[in-house]
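# Remarks on the overall topology
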Amino acid sequence: MDKEKTLEICNAMVKGNLMETLDIEFVDVGADFLSARMPVTPKVHQIHGVLHGGATVALAETVGSAAVPVLSQDPNVSIVGIEISANHLKSVSSGYVTATAKPLRMGKNIQLMEIRVTDEEGNLISHCKLSTFSRPKK
């Protein structure tokens, strides 16, 4: 796996959609993980001035879904999320949060990803699980 090329391909996917709106950037990849980060600014705050849980979940689903073709090294699959759960454990109001997706199960059609969202100090902000369905691209 060419790390720089993989991150370049992932970051090209964020143009012109929600991921670009949220300023999500893929930042690291390895044999068993994919990471992306998002700035925590007022545009992703909820009314109390901290990171909105929905923005956190959008980051988690983005990195979890992208991790399936990256880690399986199969660019010919289309991934859709079928269920996501999130436990928001700590608030953050500035800086960056990083989501790291690791597979719990990489089945042929159904995958289960664990996504840990941390702040810049490594504190666990949210713990997410994402189920995805993969099918051949049309």
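These lines cover the structure that appears in this document, whether it is placed above or below.

Reading guide: rules and limits
Residues numbered from 1 in each chain as written. Predicted model: local features only at pLDDT ≥ 70, side-chain atom pairs only at ≥ 80, totals over all residues. Heavy atoms only, no water. Helix = DSSP H or I, 4+ residues; strand = E, 2+ residues; numbered from the N terminus. Rg over C-alpha atoms; globule rule 2.2 N^0.38 Å. Buried < 20%, exposed > 50% of the residue type's maximum accessible area, 1.4 Å probe, protein only. Contact = heavy atoms within 4.5 Å. Areas by Shrake-Rupley, 256 points an atom, 1.4 Å probe, with all protein chains shown as cover. Polar contact = N/O pair within 3.5 Å; in protein donor to acceptor, adjacent residues only side chain to side chain.

Further remarks concern the overall build of the protein chain. The helix and strand inventory of the protein chain stands at three helices and six strands. Listing the helices and strands of the protein chain from first to last along the sequence gives α-α-β-β-α-β-β-β-β. By the compact-globule yardstick of 14 Å for 138 residues, the protein chain fits well, its C-alpha radius of gyration being 14 Å. The dimensions of the protein chain, computed from C-alpha atoms along their principal axes, are 40 × 25 × 25 Å. Expressed as a percentage of the 138 residues in the protein chain, the buried residues total 39%. Partitioning the contacts of the protein chain with sequence separation of at least 6, the portion at a separation of at least 24 is 59%. As presented, the protein chain carries roughly 7500 Å² of accessible surface, and 51% of it is formed by carbon and sulfur atoms.

Locating Q111 in the fold gives a position in strand β5 (residues 110–118). Within polar-contact distance, the side chain of Q111 engages the backbone oxygen of G107 at 3.0 Å. A polar contact of 2.6 Å, which involves the side chain of Q111, links it to the side chain of T132.

The next thing to look at is the side chain of S126. Its location among the elements puts S126 in strand β6 (residues 124–136). Look at S126 and you get buried, because its relative accessible area is 1%. In this structure the side chain of S126 is engaged in a polar contact, spanning 2.7 Å, whose partner is the side chain of H88. With residues near it in sequence (within four places) discarded, S126 still touches T56, N87, H88, L89, I115, R116 and V117.

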